[in-house]
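Results of the structural survey
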Amino acid sequence: MKHLLLYILILFSASAFAQNDNALYNNELDNLFTLKGLVQENKNNPINNVVIKVNGGFYAKTNNLGEFSLQVKIGDVVTITHQDFNTVDYNVESKEDILIVVESFSETIQQVEIVETPYTKALDSAKFYKTISAEKSAQFVVEGISYSKSVNDNARAFEILAETYMYWKQYDLAITNYRISLNNTNSNSVKLKLAQAYFLNNNLVKSLDVYNNVKSEELSNWDLISKNEGVADVYFKSNKIKEALNLYKKALVKASETKIKLKQIELNSKIAEVYKKMRAYSEAENYYNKALNLAGKESKKRLIEEKVKVADFKNEINKYDDEIEARESIIKDVIIESPKMSFPNESALTLQKQNYKIGNAFYLKKEYNQAVPYLEKSIKIASDKEDLIVEKDATKKLSEVYSASKKYDKALETYKEYTNLVEALYIKKEQEISQAIRFSKRLAEKQNRITSLETDRQLALSQVELTSEKTKRQQLVIYSLIGGLFLVLLLAYLMFKFIKQQRLANNLLALKSLRSQMNPHFIFNALNSVNSFIAVNDERTANKYLSDFSKLMRSVLENSEEDFIPLENEIDLIRRYTKLEHFRFQDKFDYTISVDEKITISDYKIPPMLLQPYIENAVWHGLRYKEEKGVLDINISLVKVSSIKITITDNGIGREQSKALKTNNQKKHNSKGLGNISKRVEILNNMYKDKISVSVLDNPIETGTLVILTLRKE
C-alpha cells in the first residue's frame, strides 16, 4: 500500500511540475489589474467617445457616462485623447481608479486625479492585498460594501472580491461573486471574467454559454479580443482544433490592428500551441518566433517566458541541441534579472528547472557525462531553494544517468537519496493539503458573512423602495422574494461545498481521532470524589480537589490539537494528574517524579497525554488493589545525546493478578485504550521516522509493572 501511495505521489508531482510550467508561462498577464476611470468636464458633465490607449495600443472608448475600464499593469502609460481637448498621459503607478477632469475644452493643461473616498480607499486596500492575503482583501471589500452608495459601487466591490478569489484559484467563490456583481450592474467585462472563471473551473459548457451571450458589437477592443480568445480556449480544450485556430487568428488580427502588444504575444504563442498539437511543426516554430520577437520588445521577463516555451517545443520535437542552446540563454538571462525580480519555485523560469531540463536533454542524447554536472547543479540549487519537487526529479534523473552509464554503485546511492526525497515530499504535500483545506474553509466562512451583508443590504434597499414607491409595492415584493430565494440557494450551495470539503478534511483528521483522551472513568470518579468530600462536609478539600482537577483539564484541552508538545508541558501535566490520583489514594501509594539534570528539557517534544494512560493503569489496576502501601516511580533519564528514557515503575499486584480481578467491561476498555495508544505511536513513528518506542514489562525486581518509553530528539 505504501509503495502505491508513493507511486501516485510521484505521478502527481510530475504532473504538477508540467502544469505549473504551463500555468506560469503567462506571468506577465497575471500582473494585470482592472483600472477604472471617468472623464468629465468641470467634474460634472461626462464626456463620451474618448479614445483610451495603453502603451500606444487602442484599447477602448468611454461610454455615455464617460466611464472606461482597462486591463493594465504598473508602469503602463495610459493615453486619453479626444478632438475637443489636449491629449492626457497618465503613468500607472498604483492600482487606484482615476478621474480625468477637463476644466475647459480651451485649457491647455488637463487634470488627472486619484479618486479618494472611504469607499475607494477600502477597495484600493483590497486590491493591494489581493496577491498577499485573500482574507485581508475580503475584509477590505466588506468595509467597502459598508460605504457603498449605489448598485454600481456594490458591483465593483464584488468584482474585486471575485478577482481576489481568481488569483487564489478559488474559482467557485469567484463565480459566485461575479454573479453577485452582475446582479447589481450588468457589465460585459465582468461577464467575460465570469466566463473565464467557468473555464478555469472546467465548466466548459457554461463558459461557452456566457461568452456567446456577450454581444461583440458592445465590446471594447481589448474585451473583443479577450472574448474571441476565450472562446478559442474553450474549443482548444474541447479538442475542436480547427475552430480554435480560426478564432485565435481572428483575435490576432484585431490585436495587430489595434497594436495591443500583450495580446499579440499571447495569441501568437497560443496559435503555435495549436499547430504543435496538429503536428504542423514548421508553422508552430514560425509563430513561436513571432511571439519571441514581440516579447523582446515588451519586457525582459516576458522574453524569458517565451524562450522557455520555445525550449519546451524543441524538446518535444527532439531537437535537443537547440533546446540546450535555448536553455543556456535562459539561464544567463535569469541570472542577470534575478536582482530585479523574484522567481518563486513554482515558476517555470527558475535556475533549478532549467538546469534539470538541460541535464535531461543530454540524457536523451545519451551524453551522460555532460548531463551529470547540470543535474548536480539543479539538485544543489533546488536544495538551497527548498524546491523538493525539482530536487526529487533531478535526483531520480541523475540515478538514471548513472545507471545508463553503468555506474551502478552511484546509481543505487542516488536512488536511495531519491526515495528519501519522495518521503519528505509526501509529508510536505500532506501538510499543504491540510493547510489548503483550512484556507478554503476560512474563505468560505468569510464569503458567508459577505453574502449575509449583501442580503441585509438588499432587504434594507427593498424596505426603502417599498416605503417611497407604494405604487410598485407588489413588484418590489416579488423581486425581494426572488432575490431572497437566490441568496438562500446560494447559501445552500456554499454549505454543500463546505460539507464536501469537510468530508475531505475528515480523512486527514484520522490521526487526530486516535489521540489519547483523558479516561472518562477518571473524570467520573474525580467528580464522585468531590461529591464524597461534600457529603462529609469537607468543603475545603472538595474545592481544592476540584480546582486542581480543572487546571489539569485545561492543560489537556490546550494541548489536544497538537501532534507534539514540549516535554516540559507533558511533565507538568503528569505532575498534576499524579498529584490528583495520590490525593484520592494517598493511603495506597507514594510517588516520585525525577528528571535527570543533564537533560535539556526544551530540546524534546512528546505526543500530548501519552504517559497519563500508563500512570492511570499503574494506579487503578496495580497499586489500588495492593494491601500494603505501594510506590509509583516516574523517572526521566538521559540515554545518549539524542534520546531520553522515561520509565514508569510500580510495585502493585502485577499484570496477571490485575487481569484476573477485572470485569469483562474493564478488560474491553483497557484493551481498547492501550490499543489506541499503540496505534497512535505507530502512526506518529511512520510520520516522524521512529521517534518513539514503548515497552510494557513485568517489574524485574518485585511484583508490579514496568513501562519503558524511549524518545528521540527532533
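Residues numbered from 1 in each chain as written. Predicted model: local features only at pLDDT ≥ 70, side-chain atom pairs only at ≥ 80, totals over all residues. Heavy atoms only, no water.

Looking only at helices and strands, the protein features 26 helices and 16 strands. Expressed as a percentage of the 714 residues in the protein, the buried residues total 48%. Within the protein, counting contacts between residues at least 6 apart in sequence, those at least 24 apart form 63% of the total. As displayed, the protein has an accessible area near 36,800 Å², and 52% of this comes from carbon and sulfur atoms. (Helix = DSSP H or I, 4+ residues; strand = E, 2+ residues; numbered from the N terminus. Buried < 20%, exposed > 50% of the residue type's maximum accessible area, 1.4 Å probe, protein only. Contact = heavy atoms within 4.5 Å. Areas by Shrake-Rupley, 256 points an atom, 1.4 Å probe, with all protein chains shown as cover.)

This next bit is on the packing of helix 10 (residues 241–257) against helix 11 (residues 261–277). Think of two packed helices as two axes; the pair is described by the angle between the axes and how far apart they sit. Put simply, helix 10 and helix 11 touch, their axes get as near as 9 Å, and they point 160° apart. Between helix 10 and helix 11, the crossing angle belongs to the class labelled roughly antiparallel. The crossing of helix 10 and helix 11 is left-handed. Listed contacts from helix 11 to Ile-241, Leu-245, Tyr-248, Lys-249, Ala-251, Leu-252, Ala-255 and Ser-256 of helix 10 are Lys-263, Gln-264, Leu-267, Asn-268, Lys-270, Ile-271, Val-274, Tyr-275 and Lys-277. By residue class, the composition of the contact of helix 10 with helix 11 is 10 nonpolar, 3 polar and 4 charged. (Axes fitted to C-alpha atoms, helices over the stretch in contact; angles between N-to-C directions. Parallel < 35°, antiparallel > 145°, perpendicular 65-115°, else oblique. Left-handed = near helix turned anticlockwise from the far one by under 90°. Nonpolar A, V, L, I, M, F, W, Y, C, P; charged D, E, K, R; others polar.)

On a regular strand, each side chain points to the face opposite its neighbour's, so the side chains alternate between the two faces of the sheet. Sheet topology places strand 1 (residues 33–41) next to strand 5 (residues 67–72); 6 bridges connect them, and they run antiparallel. Its bridge partner lying in strand 5, Leu-35 is registered against Leu-70. Sheet topology note: the strand 1/strand 2 (residues 45–46) ladder contains 2 bridges and is antiparallel. From the neighbouring strand, Gln-40 faces strand 2, where its bridge partner is Pro-46. (Pairing = 2+ DSSP bridges.)

Right, let's talk about the pattern of salt bridges for a bit. In total, this model carries 33 salt bridges according to the counting rule given. The partner of Lys-270 in a salt bridge is Asp-233, and the shortest N-O contact between them spans 3.1 Å. Here Lys-270, found in helix 11, pairs with Asp-233, found in helix 9 (residues 221–237); they are 37 residues apart in sequence, far enough to count as distant. Residue classification places Lys-270 among the buried positions, given a relative accessible area of 18%. Judged by relative accessible area, Asp-233 falls into the buried class, the value being 16%. Residue Asp-322 is joined to Lys-314 by a salt bridge in which the shortest nitrogen-to-oxygen separation is 4.0 Å. In this structure, a network of salt bridges that share partners links the residues Glu-229, Asp-233, Lys-263, Glu-266 and Lys-270. (Salt bridge = Lys/Arg side-chain N within 4 Å of Asp/Glu carboxyl O.)

The next subject is helix 24 (residues 612–623). If you check helix 24, its first and last C-alpha atoms are 15 Å apart, about what 12 residues at 1.5 Å a residue would give, namely 16 Å. Of all the 12 residues making up helix 24, 12 are buried; the element is thus mostly covered by neighbouring parts of the structure. (Expected span 1.5 Å × (residues − 1).)

Taken together, 5 strands build an open sheet; the order of strands is 11-13-14-16-15 and the sheet is mixed. The open sheet has two edge strands with one neighbour each: strand 11 (589–595) and strand 15 (692–698). For this sheet, the mean angle separating the axes of adjacent strands, direction not counted, is 15°. Taken together, the 8 bridges between strand 14 (residues 643–650) and strand 16 (residues 705–712) define a ladder with antiparallel strand orientation. Of the residues in strand 16, the one forming a bridge with Ile-648 is Val-707. Here helix 24 sits on the sheet in contact with strand 11, strand 13 (630–640), strand 14, strand 15 and strand 16, set at roughly 150° to strand 13.

Right, let's get into the packing of helix 3 (residues 118–128) against helix 5 (residues 151–167). Packing of helix 3 against helix 5 leaves a shortest axis separation of 10 Å and a crossing angle of 10°. Looking at the two axes, helix 3 sits roughly parallel to helix 5. Between helix 3 and helix 5, the contacting residues are Tyr-119, Leu-123, Ala-126 and Lys-127 on the first element and Asn-152, Asp-153, Asn-154, Arg-156, Ala-157, Ile-160 and Thr-164 on the second.

A few words now on unusual backbone geometry. One non-glycine residue, Lys-406, adopts positive backbone phi at about 65°. Along the chain, Lys-406 turns up in the loop between helix 17 (388–404) and helix 18 (408–468). Assessed through its relative accessible area of 64%, Lys-406 is described here as exposed. In this model, Met-609 sits at a positive phi of 60°, which is unusual for a non-glycine residue. Its location among the elements puts Met-609 in the loop between strand 12 (605–606) and helix 24. Given a relative accessible area of 3%, Met-609 falls into the buried group.

Okay, the confidence of the model for the protein next. A residue-level look at the protein finds 80% of positions with pLDDT of 70 or above and a mean pLDDT of 80. Mean pLDDT values over the elements of the protein span from 35, in helix 1 (residues 2–23), up to 94, in helix 8 (residues 204–212). pLDDT under 50 marks residues 503–511. Its contacts with residues more than four places away, or in other chains, come to 10 contacts. (pLDDT = per-residue confidence, 0-100.)

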